[in-house]
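Descriptive analysis of the structure
This is what each chain is made of:
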Amino acid sequence: MNSYYENKKILITGAASGIGRLFASKVTEAGNVTLILWDQNSDALHAFKKELSRSEKAGVDVHVSALDISDPDRILMESEHLKKEGLLPDIIINCAAIVKGSYFHEHTIEEIEKSIRINTLGSMWVVQTFLSDMIERGSGRVVNMGSASGYIGNPRMSVYA
C-alpha cells in the first residue's frame, strides 16, 4: 500500500490532530511524498511539521498552512497559492471536523452553523477548488472521512452526527 503514495502530493485537512494527524504520519512511511497539511490550530500544525521533519523518512516534503476550512475565500486563496507552486494535490483527504458534545437543545445557532460549515461545507469547498484541475489532468482521488456516529446515534452528538 505504501507504494501507492510514493511521488504523490497529498492534501490533508484537520492534519494537526486526530485521524488527520495519524494519516499524515502513516503516509510518511511511503517516502517520496509531498504532504500539504491544513489545520486551523497553527501551533499544533507547526509542532507536527517539526516532528515530521525530525523523522528519518527520506523524500518527505511537508507544507503547512494554518487554515480554517469554514472560510471558502481563504481556501480559494490558499489553493491558488498551491497551484502557482506546482502543488496541485493528487489526493485530498478531508479529516477536518469539530465536535461539541451537547444535547441538541443546548446548542446555539452559532455552534450548529460552525459545525456544519467545518464538518460538511468545508470539505466540499476544499474539493471544489481542486476538482476541475484534477478532471482536466485526468487523475486525482478524494477521500472524505466520516464518523460511525452518522450511522449510530450517540448521546450529545446530534449536530456532529
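Note that the structure is predicted; figures quoted are calculated from it, not measured. (Residues numbered from 1 in each chain as written. Predicted model: local features only at pLDDT ≥ 70, side-chain atom pairs only at ≥ 80, totals over all residues. Heavy atoms only, no water.)

Grouped together as the largest cluster of nonpolar side chains are 18 residues, with contacts concentrated most on Tyr5, Ile10, Ile12, Leu35 and Leu37. Mapped onto this core, the elements with two or more residues apiece are β1 (9-13), α2 (18-27), β2 (33-39), α3 (42-54) and β4 (91-94). Sequence-distant contacts of Ile12, that is, excluding residues within four places in its chain, are made with Gly20, Phe23, Ala24, Leu35, Ile36, Leu37, Trp38, Ile93 and Cys95. In terms of nonpolar packing, the next biggest core, distinct from the first, is built from 16 residues, Trp38, Leu88, Ile92 and Trp125 among them. (Core = buried A, V, L, I, M, F, W, Y, C linked by side-chain atoms within 4.5 Å. Buried < 20%, exposed > 50% of the residue type's maximum accessible area, 1.4 Å probe, protein only. Helix = DSSP H or I, 4+ residues; strand = E, 2+ residues; numbered from the N terminus. Contact = heavy atoms within 4.5 Å.)

This part is about the environment of Val62. Structurally, Val62 can be placed in strand β3 (residues 60-66). Relative accessible area serves as the criterion here: at 10%, Val62 is assigned to the buried category. Leaving out residues up to four positions away in the same chain, Val62 has contacts with Leu35, Leu37, Lys49 and Leu52.

Time to look at the pairing of β1. Of all five residues in β1, four are buried; the element is thus mostly enclosed. In this structure, β1 lies alongside β2, joined through five bridges in parallel fashion. Residue pairing for β2: Leu11 is matched across the bridge by Ile36. Remark: the β1/α2/β2 crossover connection has right-handed handedness. In the sheet, β1 pairs with β4 via four bridges, with the strands oriented parallel. Bridging across to β4, Thr13 finds its partner in Asn94. (Pairing = 2+ DSSP bridges. Right-handed = clockwise from strand over helix to strand, strands pointing away.)

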